[in-house]
Amino acid sequence: MSQGAQAKDEPIDVGPRTKLQDDGKTADIGPLEPVQKKRRVKKFRATHKRDDSAPSDVRTPSPSPAAQSLVGLNQEQKDEIIRQKYNQQTHHARKTRRTESKIYKLRSFNNCIKYILIHKYARPGGNVLDLGCGKGGDMAKWEAVQTKSYVGIDLSDLSIKEAVTRYKRSRFHFQAVFATGDAFNVPVPQILKDFRDQVDLQFDTVSMQFCMHYAFDSELTVRNMLQNVARSLKVGGMFIGTIPSSDFIRWKVNKLGPGERKWGNSIYSVEFPSEPPKDAKFANPFGNVYNYYLVDAVDNVPEYVVPFETFRALCESYNLELRYKKNFFELFNKEIPNYFRKLPTPVVESLRREDGSYGVSGEDRDACSFYLAFAFEKVGA
Ligand SMILES: C[S@@+](CC[C@H](N)C(=O)[O-])C[C@H]1O[C@@H](n2cnc3c(N)ncnc32)[C@H](O)[C@@H]1O
């Protein structure tokens, strides 16, 4: 199998504990050894409860001028915007056939990345907490690594309902619990209070796929979110996720002309409320909002820049140490030879190009370049 060539002007993420280097090198601390355990087949059970409890006392309006559109809204109102967007999207997605979507390839590529990340860091026979689980689209990936039990939490009640339906339909071998709740501002034990007898609150893996960036509206929200992650992980457990790359954002911002505040193509766009500063050096690392649009998927949802070094430094204060960080293309090119045969054939085959190589090109490639994958290990209690 041949792989796509690296574009010359592709931005390269810096590795852990490094400042941005001109040589573009990345540091990879390497994977953990997975603990092999025998697969245990359990009866499956789906439960769905809504968490209506008030969020904790996070009420910090963003001081950034770029966050104008959300200034003045309290946490509940901000949550409501995200919840409504994803409820609408769940409704819309039911009517759109997956293979007809313009982002079919991009979805396959993103799925492929998540398969690899999960294979690399999940503990076979372990349990997982999937925060911002959406419609439970990653459940098949967790099944593939012989997960014993799965807990999915999301702000969108319609997404959770869809996840429960999928679970019941799919005959997965793991036990599952689903709950609606604000995973950034409400303690996980509180969200799961109705499942105390069913759920072990200490997890081998906490996964946050394509959702953690919503927490970066304020330092307090990020800290609340990280506290949820850290308190939910066993020592030695892994926190894995996918987020927009601040290096890619910086690279794109630097290519904008005077007065420009938006980039994108027919698949996706990113728009700041006002012209972003050069090098994307925002005065405050939190609250730097932009609108993200992805055709057939995300309809101009307000998201926040995640400055990776700020994120990494905050993680350290919760005993979470960086083990892996790669943008999607680096990850794909480096890991796909090892995982090619472990991935579902339809996922891999949908990434086959006319010349026989695998990957995404053109507009898909630009849209995928927006993201990076990370893994942190919990190193102390
Ligand atoms: C782009 S979707 C990703 C869904 C899923 N993780 C995946 O990879 O397919 C982002 C999800 O994050 C959820 N979300 C956003 N803020 C949240 C919060 N505070 N608590 C829980 N979920 C949240 C949204 O409702 C949405 O379902």
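Calculation criteria
Residues numbered from 1 in each chain as written. Predicted model: local features only at pLDDT ≥ 70, side-chain atom pairs only at ≥ 80, totals over all residues. Helix = DSSP H or I, 4+ residues; strand = E, 2+ residues; numbered from the N terminus. Buried ≥ 20, exposed ≤ 12 C-beta atoms within 10 Å, placed from the backbone. Contact = placed C-beta atoms within 7 Å. Near = placed C-beta within 6 Å. Nonpolar A, V, L, I, M, F, W, Y, C, P; charged D, E, K, R; others polar. Axes fitted to C-alpha atoms, helices over the stretch in contact; angles between N-to-C directions. Left-handed = near helix turned anticlockwise from the far one by under 90°. Core = buried A, V, L, I, M, F, W, Y, C linked by C-beta atoms within 7 Å. Right-handed = clockwise from strand over helix to strand, strands pointing away. Pairing = 2+ DSSP bridges. Arc of directions from axis to C-beta. UniProt positions renumbered as here; feature names shortened; annotations may be inferred.

Chemist: So what's going on with the overall build of the protein? Residues and values would help.
Modeler: From N to C terminus, the protein includes 11 helices and 12 strands. Burial analysis of the protein (381 residues in total) assigns 45% to the buried set. Look at the contacts in the protein between residues 6 or more apart in sequence, and 76% of them connect residues 24 or more apart.

Chemist: Which residues make up the environment of Thr180, and what values go with them?
Modeler: On the secondary structure map, Thr180 appears in strand β4 (residues 175-180). Judged by local crowding, Thr180 falls into the buried class, with 21 C-beta atoms found within 10 Å.

Chemist: Run through the site of the ligand, naming residues and quoting values.
Modeler: In the neighbourhood of the ligand, 20 residues make up the surrounding shell, with Gly132, Gly134, Ala183, Gln209 and Cys211 lying closest. Contributions of two or more residues to the shell around the ligand are made by α1 (75-95) and β3 (149-154). Of the residues forming the shell around the ligand, the biggest block, three residues, is contributed by α1. For the shell around the ligand, a count of residues per class yields 10 nonpolar, six polar and four charged.

Chemist: Report on the packing of helix α2 (residues 104-121) against helix α9 (residues 328-339), specifying residues and quantitative values.
Modeler: Running from amino to carboxyl end, α2 crosses α9 at an angle of 65 degrees, the nearest separation of the two axes being 10 Å. As for the relative orientation of α2 and α9, their crossing is left-handed in sense. Residues Cys112, Ile113, Tyr115, Ile116 and His119 of α2 pack against Phe328, Leu331, Phe332, Glu335 and Tyr339 of α9. The class makeup of the residues in the contact of α2 with α9 is eight nonpolar, one polar and one charged.

Chemist: Let's hear about the nonpolar core: which residues, and what values?
Modeler: Grouped together as the largest cluster of nonpolar side chains are 96 residues, with contacts concentrated most on Cys112, Ile113, Trp142, Val206, Phe239, Val306 and Phe328. Sorting elements by how many residues they give to this core places α2 first, with nine residues. When sequence neighbours within four positions are dropped, the list of residues in contact with Val306 reads Met212, His213, Phe216, Ile243, Pro244, Ser246 and Phe311.

Chemist: A description of the pairing of strand β6 (residues 233-244) should follow, citing residues and the corresponding values.
Modeler: Counting buried positions along β6 gives nine out of 12 residues, so the element sits mostly inside the fold. In this fold, strand β5 (residues 203-209) hands off to helix α6 (residues 219-232), which returns the chain to β6; that crossover is right-handed. As paired elements, β6 and strand β12 (residues 371-378) share seven bridges and run antiparallel to each other. Looking at the pairing, Ile243 lines up with Leu372 of β12.

Chemist: Go over helix α7 (residues 246-255) with me, naming the residues and quoting the values.
Modeler: Working note: α-helix, 3.6 residues per turn, so residues spaced by three or four point in the same direction. Within the span of α7, buried status applies to Ser246, Phe248, Ile249, Lys252 and Val253. Buried positions in α7, seen along its axis, are confined to an arc of 155 degrees and lie on one side of it. Exposed residues on α7 whose side chains face more than 90 degrees from its buried face are Asn254 and Lys255. Residues of α7 that are buried sit in contact with β6, β7 (262-264), α8 (308-316) and β11 (320-327).

Chemist: Can you explain the environment of Asn224? Please cite residues and give values.
Modeler: Mapping Asn224 onto the fold places it in helix α6. Distance in space between the C-alpha atoms of Asn224 and Asn185 is 5.7 Å, their sequence separation being 39 residues.

Chemist: Lay out the sheet that holds β7 with the relevant residues and their values.
Modeler: If you trace the four strands from one edge of the open sheet to the other, you get β7-β8-β9-β10, paired in antiparallel fashion. Two strands in the sheet have a free side with no partner beyond their single neighbour: β7 and β10 (298-304). The average angle at which neighbouring strand axes cross in this sheet is 20 degrees, direction not considered. Both strand β8 (residues 268-271) and strand β9 (residues 289-294) contribute to a ladder of four bridges, which runs antiparallel. Counterpart to Tyr268 in the pairing with β9 is Leu294.

Chemist: So what about unusual backbone geometry? Which residues, and what values?
Modeler: If you check the backbone angles, Asp279 has positive phi at about 65 degrees while not being a glycine. Even without being a glycine, Ala280 presents a positive backbone phi close to 50 degrees. As for its placement among the helices and strands, Ala280 is situated in the loop between β8 and β9.

Chemist: Account for the pairing of β9, with residues named and values stated.
Modeler: On a regular strand, each side chain points to the face opposite its neighbour's, so the side chains alternate between the two faces of the sheet. Pairing between β9 and β10: five bridges, direction antiparallel. Note on β10: the bridge partner recorded for Tyr292 is Val301. Joining the antiparallel neighbours β9 and β10 is a turn of three residues, in which Asp296 adopts a positive phi near 65 degrees.

Chemist: Any details on the UniProt feature "site: mRNA cap binding" (unreviewed entry) in the protein? Residues and values, ideally.
Modeler: According to UniProt, the positions carrying the feature "site: mRNA cap binding" (unreviewed entry) are Lys135, Lys141, Arg166, His213, Glu303 and Tyr371. Tracing the sequence through the fold places Lys141 in helix α3 (residues 139-144). Residue classification places Lys141 among the buried positions, given that 24 C-beta atoms sit within 10 Å. The residues contacting Lys141, other than those within four sequence positions of it, are Lys114, Tyr115 and Ile118. Here Glu303 is to be found in strand β10. The contacts of Glu303, once residues within four sequence positions are left out, are His213, Tyr214, Tyr290 and Tyr292.

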